[in-house]
Amino acid sequence: MKYHINIGLEVHVELLTQSKLFCGCSTKFGAPPNTHTCPVCLGLPGVLPVINKKAVEYTLITALALNSQINKNCRFARKNYYYPDLPKNYQISQYNEPLAKGGWIQIKVNGVTKKIGIERIHLEEDAGKLIHGTEVQNLQDKDWSFVDYNRAGIPLMEIVSRPELASPDEAYEYLVTLRKILRYLRVSDCNMEEGSLRCDANISISSEKGKMGVKTELKNMNSFKELREGLWEEVRRQSELLDRGEKVVQETRLWDSRAKKTYLMRGKEEAHDYRYFPEPDLPPLSIDDNWIEKLSASLPELPQQRFERFLKQYRLPEYDATVLTDSRDLADYFEECVKLFPKPKLVSNWIMGDFMRLLKQEKLASIKISPSGIADLLTEVEKGTLSIPMAKEVMEEMFRTGKGVTQIIEEKGMKQISDEESLEKMAQEVLRENPKAVKDFQKGKYQAVKFLVGQLMRKTKGKANPQLANRVIEKKLKEYK
Amino acid sequence: MDNIYELSAHEICKLIRRKEVSVEEVITSQFNRIEKVEEKIKAFLSLYKEEALDEARQWDKKISQGKKIPPLCGVPIAIKDVICIKDKLTTCASRILQNFRPPYSATVIDKIKNAGCIIIGKTNMDEFAMGSSTENSAFQITYNPWNRETIPGGSSGGSAAAVAGREVPIALGSDTGGSIRQPAALCGVVGLKPTYGRVSRYGLVAFASSLDQIGPLTRDVTDCALLLKIISGKDKMDSTSVNYPVPDYLEYLIPDLKGVKLGLPREYFVEGIEKEVREKVMQATKVMEDLGAEIEETSLPHTEYAIATYYLIATAEASSNLARYDGVGYGYRSKEKLDMIGMYKKTRREGFGDEVKRRIMLGTYVLSKGYYENYYGKAQRVRTLIREDFEKAFKKFDALITPTSPTVAFKIGEKIDNPLQMYLSDIFTISANLAGIPGISIPCGLGRNGLPVGLQILGKPFDEKTILRIAYAYEQNTEWRKMRPEI
Ligand SMILES: [Zn+2]
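All values derive from a computational prediction rather than experimental measurement. (Residues numbered from 1 in each chain as written. Chains lettered and ligands numbered in written order. Predicted model: local features only at pLDDT ≥ 70, side-chain atom pairs only at ≥ 80, totals over all residues.)

Draft legend 1. Geometry of the overall build of chain B. Scanning chain B from terminus to terminus reveals 15 helices and 11 strands. For chain B, the C-alpha radius of gyration of 21 Å lies close to 23 Å, the compact-globule estimate for 487 residues. Overall size of chain B, expressed as C-alpha extent along the three principal axes, is 65 × 55 × 45 Å. Taken across its 487 residues, chain B has 61% of its residues classed as buried. In chain B, of all internal contacts separated by at least 6 residues, the share reaching a separation of at least 24 is 77%. (Helix = DSSP H or I, 4+ residues; strand = E, 2+ residues; numbered from the N terminus. Rg over C-alpha atoms; globule rule 2.2 N^0.38 Å. Buried ≥ 20, exposed ≤ 12 C-beta atoms within 10 Å, placed from the backbone. Contact = placed C-beta atoms within 7 Å.)

Draft legend 2. Layout of the overall build of chain A. When helices and strands are tallied, chain A shows 15 helices and 17 strands. Computed over its C-alpha atoms, the radius of gyration of chain A comes to 31 Å, more than 25% above the 23 Å expected for a compact globule of 481 residues. Buried residues in chain A amount to 38% of all 481 residues. Across chain A, every contact between residues at least 6 apart in sequence was considered, and the portion connecting residues at least 24 apart equals 70%.

Draft legend 3. Quick look at the sheet that holds strand β16 (residues 277–278) of chain A. Residues and elements named next belong to chain A. With respect to topology, 3 strands assemble into an open sheet ordered β5-β4-β16, the strand pairing being antiparallel. Every interior strand has two partners, whereas the edge strands, β5 (90–93) and β16, have only one. With 2 bridges connecting them, strand β4 (residues 77–80) and β16 associate as antiparallel partners. Paired with Arg-78 across the bridge in β16 is Phe-277. (Pairing = 2+ DSSP bridges.)

Draft legend 4. Unusual backbone geometry, seen in detail. With an omega of 10°, the peptide bond between B:Gly154 and B:Ser155 qualifies as cis. One non-glycine residue, A:Cys190, lies in the positive phi region at around 50°. With 19 C-beta atoms counted inside 10 Å, the residue A:Cys190 sits in the partly exposed group. Unusually for a residue other than glycine, B:Lys19 sits at a positive phi of about 60°. Counting through the fold element by element, B:Lys19 comes out in the loop between α1 (9–17) and α2 (23–41). C-beta crowding within 10 Å serves as the criterion here: with 10 such atoms nearby, B:Lys19 is assigned to the exposed category.

Draft legend 5. Focus on the packing of helix α7 (residues 328–340) of chain A against helix α9 (residues 371–383) of chain A. All names here are of chain A. Axis separation between α7 and α9 bottoms out at 8 Å; the angle between their running directions is 45°. As far as their axial angle goes, α9 and α7 are oblique. Remark: the crossing between α7 and α9 carries right-handed chirality. Residue-level inspection shows Tyr-333, Glu-336, Cys-337 and Leu-340 of α7 in contact with α9, the latter providing Pro-371, Ser-372, Ile-374 and Ala-375. Class assignment for the residues of the contact of α7 with α9 results in 6 nonpolar, 1 polar and 1 charged. (Axes fitted to C-alpha atoms, helices over the stretch in contact; angles between N-to-C directions. Parallel < 35°, antiparallel > 145°, perpendicular 65-115°, else oblique. Left-handed = near helix turned anticlockwise from the far one by under 90°. Nonpolar A, V, L, I, M, F, W, Y, C, P; charged D, E, K, R; others polar.)

Draft legend 6. Spotlight on the interface of chain A and chain B. Across the boundary between the two partners, chain A contributes 25 residues, which contact 35 residues of chain B. Taken together, the residues of the side of chain A that touches chain B sort by class into 16 nonpolar, 4 polar and 5 charged.

Draft legend 7. Looking closely at the pairing of strand β14 (residues 251–256) of chain A. All names here are of chain A. In this structure, strand β13 (residues 216–219) lies alongside β14, joined through 3 bridges in parallel fashion. Counterpart to Leu-218 in the pairing with β14 is Arg-253. In terms of handedness, the path from β13 via helix α3 (residues 224–243) over to β14 forms a crossover that is left-handed. Relative to strand β15 (residues 261–267), β14 is paired through 6 bridges, and the arrangement is antiparallel. Directly across from Leu-254, in β15, lies its bridge partner Tyr-263. Hairpin geometry of β14 and β15 is characterised by an intervening segment of 4 residues between the two adjacent antiparallel strands and by a positive phi of about 55° at Lys-260. (Right-handed = clockwise from strand over helix to strand, strands pointing away.)

Draft legend 8. Summary view of the environment of B:Tyr310. Residues and elements named next belong to chain B. Tracing the chain through its elements places Tyr-310 in helix α9 (residues 306–321). The spacing of Tyr-310 and Arg-278 is 32 residues in sequence and 24 Å in space, taken between C-alpha atoms. Setting aside anything within four residues of it in sequence, one finds Tyr-310 in contact with Gly-177, Ile-430 and Leu-434.

Draft legend 9. Just the domain arrangement of chain A, in detail. Residue and element names in this part refer to chain A. Along its sequence, chain A is carved into domain 1 (4–291), domain 2 (301–412) and domain 3 (420–479). On a C-alpha basis, the centres of domain 1 and domain 2 stand 37 Å from each other. Between domain 1 and domain 2, the residue contacts involve 6 residues of the former and 6 residues of the latter. Counting residues per element, the side of domain 1 that touches domain 2 draws most heavily on helix α2 (residues 168–185), at 4 residues. (Domains from an automatic or database assignment.)

Draft legend 10. Representation of the sheet that holds strand β6 (residues 213–218) of chain B within the structure. Residues and elements named next belong to chain B. Overall, mixed pairing links the 11 strands, which are arranged β1-β3-β2-β4-β6-β5-β10-β11-β9-β7-β8 in an open sheet. Strands at the two margins of the open sheet, each flanked by one partner only, are β1 (44–47) and β8 (294–298). Going across the sheet, the axis of each strand differs from the next one's by a mean of 30°, ignoring polarity. When strand β5 (residues 190–193) meets strand β10 (residues 439–446), the two strands line up antiparallel, connected through 3 bridges. In the sheet register, Gly-191 faces β10, and the bridge partner there is Ser-441. Packing of helix α7 (residues 221–231) onto the sheet brings it into contact with β4 (170–175), β5, β6 and β10, and relative to β6 it is tilted by some 150°.

Draft legend 11. Inspection of the packing of α9(A) against helix α10 (residues 388–401) of chain A at higher detail. Residue and element names in this part refer to chain A. With their axes 10 Å apart at the nearest point, α9 and α10 run at an angle of 160° to one another. With respect to each other, α9 and α10 are oriented roughly antiparallel. With respect to the hand of their crossing, α9 and α10 are arranged in right-handed fashion. Residues Gly-373, Leu-377 and Val-381 of α9 pack against Ile-388, Ala-391, Val-394, Met-395 and Met-398 of α10.

Draft legend 12. Structural view of the nonpolar core. Membership of the largest hydrophobic core comes to 218 residues, with the highest contact counts inside it found for A:Ala171, B:Ile77, B:Ile83 and B:Ala471. Not counting residues up to four positions away in its chain, the partners in contact with B:Ile83 are B:Ala106, B:Val108, B:Ile109, B:Leu172, B:Gly203, B:Leu204 and B:Ile214. Grouped together as the second largest cluster of nonpolar side chains are 31 residues, A:Phe307, A:Ala321, A:Leu377 and A:Val381 included. (Core = buried A, V, L, I, M, F, W, Y, C linked by C-beta atoms within 7 Å.)

Draft legend 13. Main features of helix α1 (residues 53–65) of chain A. Residues and elements named next belong to chain A. In this model, α1 (13 residues) spans 18 Å end to end at C-alpha, consistent with the 18 Å of a helix rising 1.5 Å per residue. Ala-55, Val-56, Tyr-58, Thr-59, Leu-60, Thr-62, Ala-63 and Ala-65 are the residues of α1 that are buried. Two residues or fewer after α1 comes Asn-67, characterised by a positive phi angle close to 60°. (Expected span 1.5 Å × (residues − 1).)

Draft legend 14. Expanded view of the pairing of strand β11 (residues 452–459) of chain B. Residue and element names in this part refer to chain B. Within β11, 8 of the 8 residues are buried, which leaves the element mostly enclosed by the surrounding structure. Here β11 shows two buried faces, one formed by Pro-452, Gly-454, Gln-456 and Leu-458 and the other by Val-453, Leu-455, Ile-457 and Gly-459. Taken together, the 5 bridges between strand β9 (residues 399–403) and β11 define a ladder with antiparallel strand orientation. Of the residues in β11, the one forming a bridge with Ile-401 is Ile-457. Direction of pairing for β10 relative to β11: antiparallel, over a ladder of 6 bridges. Residue pairing for β11: Gly-439 is matched across the bridge by Leu-458.

Draft legend 15. Just helix α4 (residues 107–114) of chain B, in detail. All names here are of chain B. For α4, every residue scored as buried is listed here: Thr-107, Val-108, Ile-109, Lys-111 and Ile-112. Contact partners of the buried residues in α4: β2 (76–80), β4, β6 and α7. Count one or two residues on from α4 and you reach Gly-116, which has phi positive near 100°.

Draft legend 16. Quick look at the environment of B:Gly203. Tracing the sequence through the fold places B:Gly203 in the loop between β5 and β6. In the structure, B:Gly203 is positioned 119 residues away from B:Cys84 in sequence and 5.2 Å away in space, judged by C-alpha atoms. Beyond its immediate stretch of four places on either side in the chain, B:Gly203 contacts A:Gly46, B:Ile83, B:Cys84, B:Tyr104, B:Ser105, B:Ala106, B:Thr107, B:Val108 and B:Ile109.

Written out as structure tokens, the structure reads:
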């Protein structure tokens, strides 16, 4: 690539507060249109906003986690523009006095770690949703549009990076890392499909390192994959322009995921003048040191720290540590298991294997199998009560029913036979029933042992301890006359 | 008793408590008066006769059962049509809200209802409180009860005229640049703009959020103190309301001014002020001196910038506050079927009056890229200087005395085509809004053409008790409180 790429991301996440940013309405997703509304979030004449302290707290927690400086006297501002999904025709946002400035996120791309600078973090209200008549089935009024204000007023946190991402892959990694951190902090569920995470990008290329080219703004990437694809396409488009000796024009472009192309949305001249001014209905927000101290003290361990600790404390391979620390809930789950069954690698194998397969889309918080269940199961495996295939079967049953290990073993009569005496008796029978195999063995065909062990396992319905079965067959063969 | 409508609120309260009159009699008397004079004054946009009588009977029932009654039980009150009352038309005297009924009530409405007041109707005003004559109402002109050829002042002209015309003893108005005090002065009644943050703005349809305050219009200072106490206090629905103790203002109403230091800012006694207005105010200061006040001239050097500052800040905020009237969710929408932008344009063109449009355009310009710093930014800095002028003055004085308006009520139509002339009628009231301080206007005599002259007393932030005390002492030692228009 002969051009240097500079990408900056503007990420919006909906905060997981119970109520909206300036009123008491619920933030729950998926309610019937306009049922989560009140005079305040509908912007009726005479209403006033009252700030949701929890939303401020979530933003402060994020700022602390991203190493940002908290602006102890920040302010809200009105961003003025007309659109039917915006009840007041202005959005209460923050302008030159955001809640936090600066900071960084550490990302790792192709084995190389890199710090990406954060420009600012601020808090604002979300807009409603427009539904066009043409998009609704069986609707008479095709040429009308409708507005759902349930989303209007939900707290949105905006995190703006510096234009320090040097490739679409870095941008992708940055967003993945940021999402992981925000989920760890439990401030947002960062669900791109439900729109609780949205991302716009600024992108420019330049033939000189350190020199910024003319940037375009790219919108409408609706998944992580689309972000990467859209940015690569924009890199390609801009490179072609420069290759031909043409210039990149500052403009806003839309990603079309079907055509895999970007399209002009609006030029620089059509850019909005938002006429920002300080929100007179809200006094400046003063954040006292005690609050900040309290929040920093309660900050959870972040993904990167936890990953490093897992390597050290549990001596896990990097791969295991990466998978296990992908979410805070999974990492917590793992650590709970290890507390009760202190063989980390063994626990890791089980969690990363069948456990993850069974978990699939289910939320960890709502599954029926507890860490102590996992510990019990592994204890039985270790004692030799359960064979690996049996243990897998038991785990599946635990997932489904939530029953305890002992109960399942009893119900299914699954106990592994480790009693040498009774196995020997059965081995004796096996040899008697398979004289040909015994002869083969005596002729020196060692393969026959394997066959006979298999027969013994069959006879015990798989409940025999495999090592023991082997030993018993060999012993009986030697004694056989 | 057939002249109950002549009484003040505190007199009515007394009679009701002594069971000398029933609440129903009070309300009936009031509506008889309204039926007699409203045709000539046209102060009201809505009247709630039947409801008010129903409420009255309910109170009477409670009283007859010996139940405890709230402080202003049975007192009729009128509300400027810029304050939301649940399910009642709240038009702001604008076509764009002609049919708007809010699903909620303003905090002050809950407060006065809890205090036992009976709302008899909503009063006319300049559209969205923008104006000084109530001529900018989309629905009707209100006449000054003192002289039907003149305006009642504005924007709370309906409330002031209703109180002056004895259609109601007390009313609520709103004051962004003088909209309570100036009409109070021009109609010969008492009007108070509280400190910014003293009274909740929740439910007051916003004109300029950093300047607006709700306040009382009454016929005497005692009623003003009573009503102010009821409506004051921190409201969790208004983040700009302040948690500062609300005193019992009545306790501060004493009929002398011993030890009170009063300043006369020379910038308020300059050219452009009517001779009789100046004379009446100067005579009033003599009375105050006789009552024991120490009076001295002082200066508020940045006064001359107040009007310019005000019209930058107020219009900027208004341009944003009024953006919501777009025909989408509520209010007027143009009947024409158009695309989105077309709907916005047509709705607002048809829905707003000229003065409102003028201010929206000015405010939009003020906030635009490249102009913000020179206009809005600078205005904010001058606003600070104006506030500091007052802070300095209040280090020396307990209150400042000025005329409320440079003139008495002017003729209907006289200034309506000259906005700048109109803006000058607020020249003495605007600074108090910019500084956030309280101000009261009280009658101090009759000026040109026998029309009332208002005297303004400006006080320290949250020191309404002192300006009320000064107003009360003056009122009790003069006869002006007894003067009534002959309507
Ligand atoms: Zn709401």
